Every structure is written in structure tokens, then in C-alpha cells.
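Structural description and commentary
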Amino acid sequence: CREWPDSAAPLFAILEKQSEEFMKITDWPDEWYTARAPGFGWTAGEHLEHLTLATRSGLFLLDQIFADPTTHQTARPNENFALLLKLGHFPRGQTESPDFARPRGLPVPKVRANLKRMTAQISGLREPVATMDACPGRCEHPALGYLTATEWLLFFVIHQNHHLEILREIQAALGGMD
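Read on for a plain summary of the structure. (Residues numbered from 1 in each chain as written. Predicted model: local features only at pLDDT ≥ 70, side-chain atom pairs only at ≥ 80, totals over all residues. Heavy atoms only, no water.)

Since the α-helix turns once every 3.6 residues, residues separated by three or four places project in the same direction. Under the 1.5 Å per step criterion, the end-to-end length of helix α1 (residues 8–25) is 25 Å for 18 residues, consistent within 8% with the ideal 26 Å. Residues of α1 that are buried: Ala8, Leu11, Phe12, Leu15, Gln18, Ser19, Phe22 and Ile25. Taken around the axis of α1, the buried residues stretch over an arc of 120°, which confines them to a single face. Away from the buried face of α1 by more than 90 degrees, exposed residues Lys17, Glu20 and Lys24 are located. Residues of α1 that are buried in the fold lie against α2 (30–34), α3 (44–67), α5 (108–123), α6 (129–132) and α7 (149–173). (Helix = DSSP H or I, 4+ residues; strand = E, 2+ residues; numbered from the N terminus. Expected span 1.5 Å × (residues − 1). Buried < 20%, exposed > 50% of the residue type's maximum accessible area, 1.4 Å probe, protein only. Arc of directions from axis to C-beta. Contact = heavy atoms within 4.5 Å.)

Right, here's the structure in full:
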């Protein structure tokens, strides 16, 4: 069980560190994005495509909360979110990506561009982080229920950590690279 911070500023600091790791991944050779490592369902490129699609959707919903901080303020996360918090990670092979976030085979240059865009968008949260903890508004995650802005940051941290771990394993399976 991994414990994560429960306030926006330290979560944002983790997201920034994760973004640095993703920027290093943009330097991987094309074949690392497309090679199917033994024992992995998705390629590195497919993981990254999924991650950017899911994050883009979450950032859109976060913008909805900022636009109307009173939206859905009485709604709550569901039992899946409680389980995610208890575990501190996504159990592998137990969750399935929603259709809108499934990889569709984007070319490597587009995956790289989307990854760079995602890290820039996350960086753009620096200013709103100061007010996130006090914001009561919520927007619905398709599997986790209604999340506050800070809970969305927590989701991003856990989700990105999940994929970074898998990407490191894929990298090792493909022969390692610094």
C-alpha cells in the first residue's frame, strides 16, 4: 500500500517530477515506442497514448471545476476511489481503460507531441494549485465517481505513476536505456 499526499501542493510537486520523467521518455528511439515487450499487452507508445488521452479528459473536467467551483459539490467519489486510495495504485490486469482513452495506434511523432503537450498542461496548473484544496466543486470520473480538483490531481499522480512503472519495466525488457 502506497500512501500519497492529500493536498494539492505536494501532489503537484509529484506531478512535476513525473513530467520530468515523461520528458526523458520523449527521447526514446521510435522502436522503443512500437516494440511489444514479452509479457506486456500494450507497447510503450500505446501506454503513452492512453495516458495522454486520459489526462487530457481529466484536465478538461478540472477546467469545468475551475469554471464553476460549485458544480456537483454534494456528489462524492464511489467505492472504486476508496479502494484506489486504500491500495495507493492501480492493480494490474484488474482495471480496464474506458473506450475514449484506449490507444488507437497514433504514429510515434504524434505520441511524443501529445506527451509534451500533456506535461505543459500539467505545468499550467501551477497557479490554480494554490486554491484547489478549498474548491468544493466536483466532476465525474467514469470509474471513480465525482472528484474534487485535489482528488483529480491525486488520480493523475497515481495513474501516471502506474504507467511510469510499466514503462520502466518495458524499457528493462527491451534491453535498458539510460
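Right, let's get into the nonpolar core. Counting 46 residues, the largest nonpolar core has Phe22, Ile25, Leu62, Trp152 and Leu153 as the members making the most contacts within it. At the level of elements, α1, α2, α3, α4 (79–87), α5, α6 and α7 are the ones that each hand at least two residues to this core. Tallying contributions element by element places α7 first for this core, with 12 residues. Beyond its immediate sequence surroundings of up to four residues, Phe22 is in contact with Leu48, Leu51, Leu115, Met118, Thr119, Gln160, Leu164 and Leu167. (Core = buried A, V, L, I, M, F, W, Y, C linked by side-chain atoms within 4.5 Å.)

Another point: the packing of aromatic side chains. In the structure shown here, the tally under the stated rule is 6 aromatic pairs. Aromatic pair Phe90 and Phe155: ring centres 6.1 Å apart, planes at 85°, arrangement edge-to-face. Linking Phe90 in the loop between α4 and α5 with Phe155 in helix α7, this pair joins segments that are 65 residues apart in sequence. Considering the side-chain rings of Phe155 and Phe156, the 6.0 Å spacing of their centres and the 55° angle between planes classify their relative orientation as tilted. Comparing Phe155 with Phe156, the two get one shared label, buried. Taken together through their ring pairs, the aromatic side chains of Phe90, Trp152, Phe155 and Phe156 make up a single cluster. (Phe/Tyr/Trp six-rings, centres within 6.5 Å; stacked < 30°, edge-to-face > 60°.)

One pass over the structure, following the stated rule, counts 8 salt bridges. Between Arg168 and Glu21 there is a salt bridge, with the nearest N and O atoms lying 2.7 Å from each other. One end of the pair, Arg168, is in helix α7; the other, Glu21, is in helix α1, and 147 residues separate them in sequence. The class for Arg168 is partly exposed, based on a relative accessible area of 37%. Glu169 is paired through a salt bridge with Arg92; the nearest N and O atoms lie 2.8 Å apart. Placement of Glu169 in helix α7 and of Arg92 in the loop between α4 and α5 is noted, with a sequence separation of 77 residues between them. Through salt bridges that share partners, Glu96, Asp99 and Arg102 make up one connected network. (Salt bridge = Lys/Arg side-chain N within 4 Å of Asp/Glu carboxyl O.)

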